[in-house]
Amino acid sequence: MKEYIEERAIAIANYIVDHNATVRQTAKKFGISKSTVHKDCTERLTCINPSLAAQTRIVLDINKAERHIRGGMATKEKYEHQLQACSRK
């Protein structure tokens, strides 16, 4: 594996662990795709640094378990905003 890929995988994992970031947030921060973030964290990192990979996996699993709640909250906010906009007219 190329050195810059290993460095990126470690940087991504540290960011996720330090900020409890989602895959989307991390991808946006580093300017890469969600697929790359996921592959770096799940496949490449296990070969490079297994303990960091385990910490990252914990955060990613928590985010995965909570994502349906965040999606529901976003939908609720969207419709509340639309309701407020309609009531102003």
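Here's a quick rundown of the structure. (Residues numbered from 1 in each chain as written. Predicted model: local features only at pLDDT ≥ 70, side-chain atom pairs only at ≥ 80, totals over all residues. Heavy atoms only, no water.)

## What about the overall build of the protein chain?
Part 1 of the reasoning: Along its length, the protein chain carries four helices and zero strands.
Part 2 of the reasoning: In summary, the protein chain has a C-alpha radius of gyration of 17 Å against a globular reference of 12 Å for 89 residues, an excess of more than 25%.
Part 3 of the reasoning: Viewed in the frame of its principal axes, the protein chain has a C-alpha envelope of about 60 × 25 × 20 Å.
Part 4 of the reasoning: Taken over 89 residues, the protein chain has a buried fraction of 24%.
Part 5 of the reasoning: Relative to all contacts within the protein chain whose residues are 6 or more apart in sequence, the contacts with residues 24 or more apart total 60%.
Part 6 of the reasoning: Accessible surface, the protein chain as shown: approximately 6,500 Å² in total, 53% of it carbon and sulfur. (Helix = DSSP H or I, 4+ residues; strand = E, 2+ residues; numbered from the N terminus. Rg over C-alpha atoms; globule rule 2.2 N^0.38 Å. Buried < 20%, exposed > 50% of the residue type's maximum accessible area, 1.4 Å probe, protein only. Contact = heavy atoms within 4.5 Å. Areas by Shrake-Rupley, 256 points an atom, 1.4 Å probe, with all protein chains shown as cover.)

## Description of the layout of surface pockets
Part 1 of the reasoning: Size it by volume and the largest pocket reaches roughly 340 Å³.
Part 2 of the reasoning: T22, V23, R24, K34, H38, R57, L60, D61, N63, K64, R67 and R70 are the residues that line the largest pocket.
Part 3 of the reasoning: Only α2 (23-30), α3 (34-48) and α4 (50-88) provide two or more residues apiece to the lining of the largest pocket.
Part 4 of the reasoning: If you tally residues by element for the lining of the largest pocket, the top one is α4, at seven residues.
Part 5 of the reasoning: Of the residues belonging to the lining of the largest pocket, the class tally is two nonpolar, three polar and seven charged. (1 Å grid on protein atoms, 1.4 Å probe; cavity = no way out; pocket = protein on both sides within 12 Å on 5 of 7 lines; lining within 4 Å. Points joined across faces, edges and corners; volume = space filled by probe spheres on them. Nonpolar A, V, L, I, M, F, W, Y, C, P; charged D, E, K, R; others polar.)

None of the figures reported here should be taken as evidence of function without further support.
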